[in-house]
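# What the coordinates show
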Amino acid sequence: MLVSKNKPIVGVIMAGGLSRRMGGGDKCQLMLKDKTLLERVIERAKPQVDTLLLNANGDPKRFQRYSLPVVADCVEGYAGPLAGILTGMQWAKLHYPDCQWLASFASDSPFFPTDLVVRLARAIEHGNGDIACAKSGGQLHPVFGLWPVRLYDDLKRALLEEELRKMGTWIARYHCVEVSYDINSYD
């Protein structure tokens, strides 16, 4: 079995961006009815992993009420989602040395399946993939993915030495399996 049930899966919620298209601020702090987007993401992500952290740059105190470890990008300069993946892998290696997989979630997209991590793991096993990413509405959403921590050094080299920033370019180096779900039916 590629994804061991005996090894912890660490989850990282990605909130490290600048939200330029929105004029700045924390998109994940926006309210959707009675809860923030981040609260809704946490509710869906937390049961799917053994532990969960938040990747966010800036003052971590603004996320204190969520009771999650908040870790800034380990690569300077807002290097994009790949920096968040690398940061999650680095945190997992430090705090859960036997962790083999990192699950990632977007902080501003709360409507993903409550069994997404299981689906991603199954896709890796059945498709003999290296990485699994979510797909809905015909579009790949690589921020929702399952990443082998063993690729930490490769990703670090790509970010720091190659200055690679595009997720699709890095993912294309590996066998990525896609997991589709109906965006209109999120349970």
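Residues numbered from 1 in each chain as written. Predicted model: local features only at pLDDT ≥ 70, side-chain atom pairs only at ≥ 80, totals over all residues. Heavy atoms only, no water.

### Some words on the side chain of Ser-136
Considering the arrangement of structural elements, one finds Ser-136 in strand 7 (residues 131-136). Among the residues examined, Ser-136 registers a relative accessible area of 4% and is labelled buried. (Helix = DSSP H or I, 4+ residues; strand = E, 2+ residues; numbered from the N terminus. Buried < 20%, exposed > 50% of the residue type's maximum accessible area, 1.4 Å probe, protein only.)

### Describing the packing of aromatic side chains
In total, this model carries seven aromatic pairs according to the counting rule given. Measuring from ring centre to ring centre gives 6.5 Å for Phe-105 and Phe-144, while their planes differ by 80°; the resulting arrangement is edge-to-face. Of this pair, Phe-105 sits in strand 6 (residues 101-106) while Phe-144 sits in strand 8 (residues 139-148), and the two are 39 residues apart along the sequence. When the centroid spacing of 5.1 Å and the interplanar angle of 45° are considered together, the rings of Phe-112 and Phe-144 count as tilted. Placement of Phe-112 in the loop between strand 6 and helix 3 (116-127) and of Phe-144 in strand 8 is noted, with a sequence separation of 32 residues between them. A connected cluster of aromatic rings, assembled from ring pairs, spans Phe-105, Phe-112 and Phe-144. (Phe/Tyr/Trp six-rings, centres within 6.5 Å; stacked < 30°, edge-to-face > 60°.)

### Here's the deal with helix 2 (residues 81-95)
The first and last C-alpha atoms of helix 2 sit 21 Å apart over 15 residues, in line with the 21 Å expected at 1.5 Å per residue. Buried within helix 2 we find Leu-82, Ala-83, Gly-84, Ile-85, Leu-86, Thr-87, Gly-88, Met-89, Trp-91 and Ala-92. (Expected span 1.5 Å × (residues − 1).)

### A word on the pairing of strand 6
A large share of strand 6 lies buried, amounting to six of its six residues. The alternating pattern of strand 6 places Trp-101, Ala-103 and Phe-105 on one face and Leu-102, Ser-104 and Ala-106 on the opposite face, and all of these are buried. In the sheet, strand 1 (residues 9-14) pairs with strand 6 via six bridges, with the strands oriented parallel. In the strand pairing of strand 6, Val-10 is matched with Leu-102. Where strand 6 meets strand 8, four bridges bridge the pair, whose relative direction is antiparallel. By the bridge assignment for strand 8, Leu-102 is matched with Trp-147. (Pairing = 2+ DSSP bridges.)

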